[in-house]
Amino acid sequence: MKQLYYVIQTLLHGRGGNVIKVISLGLGLTISILLFSRVAYERSFDTCFREYDRICQVWSIFTVNGKQFDKQRQNCGPVAGAIMENFPKEVEAATTLVNWWNEPLFLGDNRYDVESGIVADSLFFQTLGIKVLSGNPVQELQQLRTAFLSQSMARRMFGDEDPVGKSFSQGHIRDVTVRGVFEDVPANTTIHPDVVYSMATLFAEERYNYSWQGGDSWLEYVRLRPGAEIEAVNSRMDAMIDKYRSDDDRKQYGYTAFIAPLTDTYRELEGMQMMTQVMFVLGLAILLIATLNYVLVSIASLSRRAKAIGVHKCSGASAGGIMGMFLIETLLILLAALGVMAVLLYAFSDFVED
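The structure presented is a predicted model; accordingly, all values stated were derived computationally and were not measured.

Quick word on the overall build of the chain
- When helices and strands are tallied, the chain shows 15 helices and 13 strands.
- When burial is assessed residue by residue, the chain has 41% of its 354 residues classed as buried.
- Carbon and sulfur atoms form 57% of the exposed surface of the chain, whose accessible area is close to 19,100 Å².

Below you can see the structure in the form of structure tokens.
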């Protein structure tokens, strides 16, 4: 208790320098933690899905007139289905979708804007591991003009009522019947639908190229079986594709595809790796600067503290006891800095969340 008493008296005596220490450490911890949190957020993309490590995205590479284009996420429509059919030992499920049916929804005179409207086949939820709260997507997403709503969209449109069986107008283009509700997908995903429409609805309009002859507008995903290796699929992908492409197609353009972990999709976006590395280094640098600032302020006060240390030694204090006092002092300052950090995060919570 005497050590704690002496530490408190020392802190009060040198309150000017200690205030600088607390503010410096508090600001440094706040900014560095924000940067580290942002890095963690960016690296957590697409990890919310059930057994996300077994989900892969299909990528395509086209070659025209001898020029090979960069890999792209848009594929020929039948690729995912062909992968599932030709690799039954490795692939458990596959799905094909388009993600630009973002017309607003109308329920009577009420309009509801859609951030992400997806058209998908019946294995969409099974492949991605999104939890379905009501309805049978394997059956219902094979029907014409049916849809599943996210939990938040269903609540916006229908409140506490059960939306299943009710209809709405999609952009005053077509009437659609709700056949189920699925759990909301968080923002840190490359796939976060508000509405999932049946593929039969899209095909009924006969405006889309779903074939091996171009039509590279489709996002496609596969779910591997436990223990299956990605390379076991990729090594035989070209042979599989050649089975479906005609000789005329092969003369006009070259085409190949491969699968890669879904979690790599966002991380490999242009500039994303550089941005996360810069933020991580910046966070470390700010934390180091705050720490060095604390050390420098402490060193600057040693000439004043030398007399106090001498008095303690003359009073019988051991070297370990004096070291303990310094450690307690540092702990109290650190706790005060954490308090400053908590106040700042609370005061600017809207900015931090954004």
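Let's talk about unusual backbone geometry
- Even without a glycine there, the phi angle at Glu51 is positive, about 45 degrees.
- Summarising the element assignment, Glu51 is placed in the loop between α2 (15–43) and β1 (55–64).
- For Glu51, a relative accessible area of 39% gives the class partly exposed.

Some points on the packing of aromatic side chains
- Applying the stated rule across the entire model yields 15 aromatic pairs.
- Note on Phe62 and Tyr253: the rings are 6.0 Å apart at their centroids and 40 degrees apart in plane angle, and the pair reads as tilted. One end of the pair, Phe62, is in strand β1; the other, Tyr253, is in strand β13 (residues 253–261), and 191 residues separate them in sequence. Across the pair, Tyr253 and Phe62 agree in class, each one buried.
- Residues Phe125 and Phe148 carry aromatic rings whose centres are separated by 5.6 Å and whose planes lie at 50 degrees to one another, so their mutual orientation is tilted. Residue Phe125 is found in helix α4 (residues 124–128), and its partner Phe148 is found in strand β8 (residues 146–150); the two are separated by 23 residues along the sequence.
- Judged by its relative accessible area of 3%, Phe125 falls in the buried class.
- When its relative accessible area of 0% is taken as the criterion, Phe148 is described as buried.
- One aromatic cluster is present, formed by Phe124, Phe125, Phe148 and Phe182 through successive ring pairs.

Parameters at a glance
- Residues numbered from 1 in each chain as written.
- Predicted model: local features only at pLDDT ≥ 70, side-chain atom pairs only at ≥ 80, totals over all residues.
- Heavy atoms only, no water.
- Helix = DSSP H or I, 4+ residues; strand = E, 2+ residues; numbered from the N terminus.
- Buried < 20%, exposed > 50% of the residue type's maximum accessible area, 1.4 Å probe, protein only.
- Areas by Shrake-Rupley, 256 points an atom, 1.4 Å probe, with all protein chains shown as cover.
- Phe/Tyr/Trp six-rings, centres within 6.5 Å; stacked < 30°, edge-to-face > 60°.

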